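Observations on chain architecture
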Amino acid sequence: MNTMIRSTIEPDSLSASLIRNFNLTVTFSANDIVRVDGYATWTLERKQTSDVWQLARWRDESNF
């Protein structure tokens with residue numbers, strides 16, 4: 001499940017913020033599997049409104 005929790009994106013803006021949840025599964029072996037659920041805040045930026053968005057910051061908001 002990767003759900004958008006909140007987004008702040010204005011069409012004429014040069015920065016945006018997204019908060020998404022994520023599920024991560026790491027398999028070390030058949031008997032050693034770690035599953036983690038968390039949240040990440042992404043900050044996107046662009047120099048001009050006609051440019052594509054670029055990831056400027058990824059902040060892990062998870063509590064492990």
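Scroll up to find the structure.
Before going into details, it helps to say that this report is about the structure given with it. Every value quoted in this text rests on a predicted model; they were computed, and no experiment measured them.

**Some thoughts on the packing of aromatic side chains**
This model, assessed by the stated rule, comprises 1 aromatic pair. Pairing Trp42 with Trp58 gives two aromatic rings, centres 5.3 Å apart and planes at 50°, and the pair type is tilted. With Trp42 in strand E3 (residues 32–45) and Trp58 in strand E4 (residues 54–60), this residue pair connects regions lying 16 residues apart in the sequence. The class for Trp42 is partly exposed, based on a relative accessible area of 24%.

**Details of the pairing of strand E1 (residues 4–8)**
Here E1 runs beside strand E2 (residues 15–29); their pairing, made up of 4 bridges, is antiparallel. Residue pairing for E2: Met4 is matched across the bridge by Arg20. Once E1 ends, the chain turns through 6 residues before running back antiparallel as E2.

**Things to note about the pattern of salt bridges**
If you walk through the whole model with that rule in mind, you get 1 salt bridge. Of the charged contacts in the structure, one is a salt bridge between Arg59 and Glu61, with a shortest N-O distance of 3.3 Å.

Here is what the cut-offs are and how they apply
Residues numbered from 1 in each chain as written. Predicted model: local features only at pLDDT ≥ 70, side-chain atom pairs only at ≥ 80, totals over all residues. Heavy atoms only, no water. Phe/Tyr/Trp six-rings, centres within 6.5 Å; stacked < 30°, edge-to-face > 60°. Helix = DSSP H or I, 4+ residues; strand = E, 2+ residues; numbered from the N terminus. Buried < 20%, exposed > 50% of the residue type's maximum accessible area, 1.4 Å probe, protein only. Pairing = 2+ DSSP bridges. Salt bridge = Lys/Arg side-chain N within 4 Å of Asp/Glu carboxyl O.

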